[in-house]
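The lines below spell out each chain.
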Amino acid sequence: MKISEILKSKEVTISYEVFPPKKDMPFEPILAAVDRLCQSKPDFMSVTYGAGGGTGHNTIKIADHVQNEMGVTSLAHLSCISSTPQQVKAAINEIKSCGIENILALRGDIPAGTDPAAPRDYRFASELVREIKKHGDFCIGAACYPEGHVECEHKEDDITYLKEKVDSGVDFLTTQMFFDNNVLYNFLYRIRERGITVPVIAGIMPVTNGKQMARICQLSGTYLPARFKAIVDKFGDKPEAMKQAGIAYATDQIIDLIANGVKGIHIYTMNKPDVAESIRNNLSYIIGK
């Protein structure tokens, strides 16, 4: 089923993101986590592509398993910055052969140690969106950045690039993580003013340990509200307490989002079924069991 159809048919959707194992890491523990996550019947499950596209085949393998063995709609990530047109076409055909109708089109991270200005077959996600549309009737998602992309100096320029990406054929957007809901509300107002009307799914990251928080800040520059910083400062070196507090904070974010009319919630699970299950249980009467 296409995610665009799911978003139209439900008042609120809850979806999960999982990632494949890194190279040379065992596959079975990841698959066990994915199976447990599927048991709570998310509206769909996205599978990341891995740094530099290095786990692309495992992405499709997991997405195929999720949809065709576990009965949950799959969203396969596909990035292009390190790929040739032949590799992109092969990946699209493999996704199509699995009966998967949904692709999240991403530029991907520029590989470390390479020149960002070096010639490449693909430089922007919009180019990948147009390529996907050539090869099948897919529902295409894309990423958006409520606080602006780290490589873009001005937020208004970032929205201009986002509009170009959406106009190339994007059906829905999923946000990068954020920890202050006002950031999202302001972003939604600004993009609607610029004519971006596709559904926007809010990406929520339950932070369950202090080291994870430090890495998030380093990679994304995400704004941390004082309330969240206080939680990390108080419980960051107490694993079980931090886990409980992180779940509570994510739950509170989601409740506020739903109360304010946000219809799509995407949980970055970090392959932790117990965290996702706890959040779902906290929302049982809000979204229905």
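Note that the coordinates shown come from a computational prediction; the quantities given were computed from them, not determined experimentally.

A.B. asks: Honestly, the pattern of salt bridges in this entry has me stumped. Any pointers?
C.D. replies: It is possible for side chains of opposite charge to pair when their charged atoms get near one another. Applying the stated criterion across every chain yields a total of seven salt bridges. One salt bridge in this structure joins Lys163 and Asp167, with 2.8 Å as the shortest N-O distance. On the criterion of helical spacing, the pair formed by Lys163 and Asp167 is a turn pair, its members being four residues apart in helix α6 (residues 155-167).

A.B. asks: What am I meant to see in α6 here?
C.D. replies: Each turn of an α-helix holds 3.6 residues, which means side chains three or four residues apart point in the same direction. In a regular helix each residue adds 1.5 Å, so 13 residues correspond to 18 Å; α6 covers 18 Å between its end C-alpha atoms and thus fits that length. The set of residues buried in α6 consists of Asp158, Ile159, Leu162, Lys165 and Val166. Down the axis of α6, the smallest arc covering the buried residues is 115°, so these residues share one side. Against α5 (125-134), β5 (139-144), β6 (172-175) and α7 (181-193) lie the buried residues of α6. Once α6 finishes, Gly169 follows within two positions and takes phi at roughly 135°, a positive value.

A.B. asks: Can you help me understand the nonpolar core in this one?
C.D. replies: In a soluble, globular protein the nonpolar side chains are often hidden away together inside. In terms of nonpolar packing, the biggest core is built from 63 residues, with Met45, Leu78, Ile132, Leu173 and Ile265 touching the most fellow members. Ranked by residues supplied to this core, first place goes to helix α10 (residues 239-259) with five residues. In terms of nonpolar packing, the next biggest core, distinct from the first, is built from 13 residues, Met177, Leu224, Met242 and Ala245 among them.

A.B. asks: Honestly, the pairing of β6 in this entry has me stumped. Any pointers?
C.D. replies: Side chains on a regular strand alternate between the two faces of the sheet. Burial of the side chains of β6 extends over both faces: Phe172 and Thr174 are buried on one face and Leu173 and Thr175 on the other. One ladder, built from four bridges, connects β5 with β6; its direction is parallel. Directly across from Cys144, in β6, lies its bridge partner Thr175. Taken together, the two bridges between β6 and strand β7 (residues 200-204) define a ladder with parallel strand orientation. In the sheet register, Leu173 faces β7, and the bridge partner there is Val200. In this fold, the crossover linking β6 to β7 by way of α7 has right-handed handedness.

A.B. asks: Explain the packing of α6 against α7 here, please?
C.D. replies: Axis angle and axis distance: for two packed helices, these are the angle between their axes and the distance between the axes, and together they describe the pair. For the pair α6 and α7, the least separation of the axes is 10 Å and the interaxial angle reads 60°. Between α6 and α7, the crossing angle belongs to the class labelled oblique. Of the two possible hands of crossing, α6 and α7 adopt the one that is right-handed. Residue-level inspection shows Lys155, Glu156, Ile159 and Leu162 of α6 in contact with α7, the latter providing Phe187, Arg190 and Ile191. Considered class by class, the residues forming the contact of α6 with α7 number four nonpolar, no polar and three charged.

A.B. asks: How should the sheet that holds strand β3 (residues 74-79) be read in this particular structure?
C.D. replies: Within a sheet, neighbouring strands are paired by backbone hydrogen bonds and run either parallel or antiparallel to one another. On the basis of which strands lie adjacent, the closed barrel formed by eight strands has the order β1-β2-β3-β4-β5-β6-β7-β8 and parallel pairing. On average, adjacent strands in this sheet sit at an angle of 30° to one another, irrespective of strand direction. Pairing of β3 with strand β4 (residues 102-106) involves four bridges; the strand directions are parallel. In the strand pairing of β4, Ser79 is matched with Leu106.

The rules behind each value
Residues numbered from 1 in each chain as written. Predicted model: local features only at pLDDT ≥ 70, side-chain atom pairs only at ≥ 80, totals over all residues. Heavy atoms only, no water. Salt bridge = Lys/Arg side-chain N within 4 Å of Asp/Glu carboxyl O. Helix = DSSP H or I, 4+ residues; strand = E, 2+ residues; numbered from the N terminus. Expected span 1.5 Å × (residues − 1). Buried < 20%, exposed > 50% of the residue type's maximum accessible area, 1.4 Å probe, protein only. Arc of directions from axis to C-beta. Contact = heavy atoms within 4.5 Å. Core = buried A, V, L, I, M, F, W, Y, C linked by side-chain atoms within 4.5 Å. Pairing = 2+ DSSP bridges. Right-handed = clockwise from strand over helix to strand, strands pointing away. Axes fitted to C-alpha atoms, helices over the stretch in contact; angles between N-to-C directions. Parallel < 35°, antiparallel > 145°, perpendicular 65-115°, else oblique. Left-handed = near helix turned anticlockwise from the far one by under 90°. Nonpolar A, V, L, I, M, F, W, Y, C, P; charged D, E, K, R; others polar.

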